[in-house]
Amino acid sequence: MTSCTRKRRRSTVATSDAASAMPAPSSLSPWASILPGDLLRLIAGLVLEGDFLDYVRFRAVCTGWRSGTLCPRGRGVTDLRFHPRRWMMLTEGHGLYPGYGKLDGYVRFFNLYTGTFVRVKLPLFRNHCALDSVDGLLLLQRDEDTVICVLHPFTRDIGELPPLSTLLTQLDGDRNEEPECEKWFFIRYNICASVSCNAGITSVMLASHYQCRVAFATSQDRHWTVTSWKVPRSVRPLSFRGKLYVVHNQTPAIDATSTVLQIDHPLQDQIGLGYREPSAPKLIATCPPDILRYPLYLVECDSEIFVVGHSDSSFSHISVYKLADLMLGRFIPITSIGDRALFIEERSLSVSSKSLPTIMAETVVYTHPRTHDFAQFQLRTGIWSRPIDELGLDGFAPDLIYSSR
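Residues numbered from 1 in each chain as written. Predicted model: local features only at pLDDT ≥ 70, side-chain atom pairs only at ≥ 80, totals over all residues. Heavy atoms only, no water.

Enquirer: What should I look at first to understand the sheet that holds strand β9 (residues 192–198) in this one?
Expert: By way of backbone hydrogen bonds, the strands of a sheet pair with one another, either parallel or antiparallel. If you trace the four strands from one edge of the open sheet to the other, you get β9-β10-β11-β12, paired in antiparallel fashion. For this open sheet the edge positions go to β9 and β12 (225–226), each flanked by a neighbour on one side alone. Sheet analysis places strand β11 (residues 214–218) next to β12, joined by two bridges and oriented antiparallel. Across the sheet, the residue bridging to A215 is V226, located in β12. (Pairing = 2+ DSSP bridges. Helix = DSSP H or I, 4+ residues; strand = E, 2+ residues; numbered from the N terminus.)

Written out as structure tokens, the structure reads:
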């Protein structure tokens, strides 16, 4: 029984090099070589929309397909089309972290839609630590000089931004007088990043929970800059398509109106020199307490933003709405999310139950705000249950740590 399990596990894990090399390009594919160039590029674009590694395999079919489509290497960071969305990095468990010596430089990634595991060799983790992930790109900090790197884990393309240490003197109020270790905690704790690319320039926004401000920089800058305006402290923001989304409760009471704010990336100056400060958060949706009560959570699912919360003060029922509907003033709850399960926590994500048989479709899994138990709510039936067995109730520590949405 054990040997079978090991055999299955080995069969689902492969290196990215192996994935990119299967099968060997061949010019002996007459049916493939007769595809017109426009049709080939159209099909390649559709494949790329589905999954980045499928696009890599598509280009490996034959030399004609390889030469007739764009190579992602060298464009992995600066071209949004090649961002490996739907992939997330996994920890190994048992205290093994990315860069641990016994892992020999390998890191595992998991596809939230297909359940595929890929093992990638990333020696960069020997002297870098991960801060966040955006659209499958990893936001890393280099140990020796705190330079921020945006890494594409499959093409290994890297975009460098200024050292994060340039923020140490830009903290609010008395925090500038704190010991340096405390300053680093304020800067890096529960950070949420957003990446945008334009004309080969990469810009990054960092929203820090304790800072209540947004830091921003581009690949052409020498230092990070902190916004003059503040971000309302709330649950962790959501990064989605180059923007940040924040839930704000206007008063501490749970029966107060909640709002959703949007933060856009900084725009290039009209004269083309540098980037202006991002505009202050703008109100895009309002949630009355009779519709959704605080706390509200934002999660990306099938290229849309869902707003998840409770519809009653007793927290006995969970409702899910599309942010696009709330922006239009339409309060129509979603009755079905298909095969998806929503995991709501500091980092929210959606996972396909088809790829993970142990996950139940049409559910919301989270820590209940009143009982603080790990709970599962079934949207169709309204039934609560435990998502894990008795053995997992103590010391629950999910392995999914860096998502790609």
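Enquirer: Would you take a moment to explain the sheet that holds strand β18 (residues 304–310) for this structure?
Expert: Strand order in this open sheet of three strands is β17-β18-β19, and the pairing throughout is antiparallel. The open sheet is flanked by β17 (293–301) and β19 (318–322), the only strands paired with a single partner. Shown here is a sheet whose adjacent strand axes are inclined to one another by a mean of 25°, direction ignored. Alignment of β17 against β18, held across six bridges, turns out to be antiparallel. Following the sheet pairing, C301 is matched in β18 by E304. (Axes fitted to C-alpha atoms, helices over the stretch in contact; angles between N-to-C directions.)

Enquirer: Help me out: how do you make sense of the pattern of salt bridges in this one?
Expert: Opposite charge on two side chains lets them pair, provided their charged atoms get close. For the structure shown, the criterion picks out 14 salt bridges. The salt bridge involving R81 is made with D79; its shortest N-O contact spans 2.7 Å. Judged by its relative accessible area of 15%, D79 falls in the buried class. Here E362 makes a salt bridge to R380, at a shortest N to O gap of 3.1 Å. One end of the pair, E362, is in the loop between β21 (349–352) and β22 (363–367); the other, R380, is in the loop between β23 (374–378) and β24 (384–385), with 18 residues separating them in the sequence. The buried category is assigned to E362, whose relative accessible area is 10%. Overlapping salt bridges bring together D132, R236 and R347 as one network. (Salt bridge = Lys/Arg side-chain N within 4 Å of Asp/Glu carboxyl O. Buried < 20%, exposed > 50% of the residue type's maximum accessible area, 1.4 Å probe, protein only.)

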